[in-house]
Amino acid sequence: YADMSLHLDRYLRVGGLYTYYDSVIDNEQFFQEYNDALVYSDPIKDPAEVRDLIVLCKGPDTGKTGIVIGLYPDATNNCVVKLDKYRGMREIRVVPRSWAAKRLGEQDPDDVFLIPRKATKS
């Protein structure tokens, strides 16, 4: 699932099929003055696993939130993150696990967990 999502995201990006253009290339500059603005667990001591809600604590997408949808078991130690909706789209990123930190505190559930279920007949 993670690989398929990643390939679709890259296809949309290269084809220019995203419905918006984000001119901000690096969010890290916005958080330099506010080191304690993001609240998260230590990604080295308590790394995020699949289905954990995360915040990106380093890199160009610093401050963006999402959910881990896959882990690469190879030596790269990367994970696949599905970012939260922004202008109707949910982008997919491959980031080092040390950048994806578990969010702390009470969280709004991810859209995926809000899918309505059909009532069961008893």
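None of the values given here were measured: they were computed from a predicted structure.

**Student:** So what's going on with the sheet that holds strand E5 (residues 100-102)? Residues and values would help.
**Tutor:** Spatially, five strands are ordered E4-E3-E2-E1-E5 in an open sheet, and the strand pairing comes out antiparallel. Strands with a single pairing partner mark the edges of an open sheet, and in this sheet they are strand E4 (92-96) and E5. Ignoring which end each strand starts from, the neighbouring axes of this sheet average 50 degrees apart. Sheet topology places strand E1 (residues 53-56) next to strand E2 (residues 65-71); three bridges connect them, and they run antiparallel. Each bridged residue has a counterpart across the sheet, and for isoleucine 54 the counterpart in E2 is glycine 66. Taken strand by strand, helix H1 (residues 2-14) contacts E2, strand E3 (78-83) and E4, and its axis lies near 115 degrees from that of E4.

**Student:** Outline unusual backbone geometry, supporting the account with residue identities and numerical values.
**Tutor:** Trans is the common state for peptide bonds, and a negative phi is the common state for residues other than glycine. Not every positive phi belongs to a glycine, and arginine 51 is a case in point at roughly 75 degrees. Checked against the element boundaries, arginine 51 lands in the loop between H1 and E1. When its relative accessible area of 56% is taken as the criterion, arginine 51 is described as exposed. Unusually for a residue other than glycine, asparagine 77 sits at a positive phi of about 60 degrees. Tracing the backbone through its elements, the reader meets asparagine 77 in the loop between E2 and E3.

What counts and how
Residues numbered from 1 in each chain as written. Predicted model: local features only at pLDDT ≥ 70, side-chain atom pairs only at ≥ 80, totals over all residues. Heavy atoms only, no water. Pairing = 2+ DSSP bridges. Helix = DSSP H or I, 4+ residues; strand = E, 2+ residues; numbered from the N terminus. Axes fitted to C-alpha atoms, helices over the stretch in contact; angles between N-to-C directions. Contact = heavy atoms within 4.5 Å. Buried < 20%, exposed > 50% of the residue type's maximum accessible area, 1.4 Å probe, protein only.

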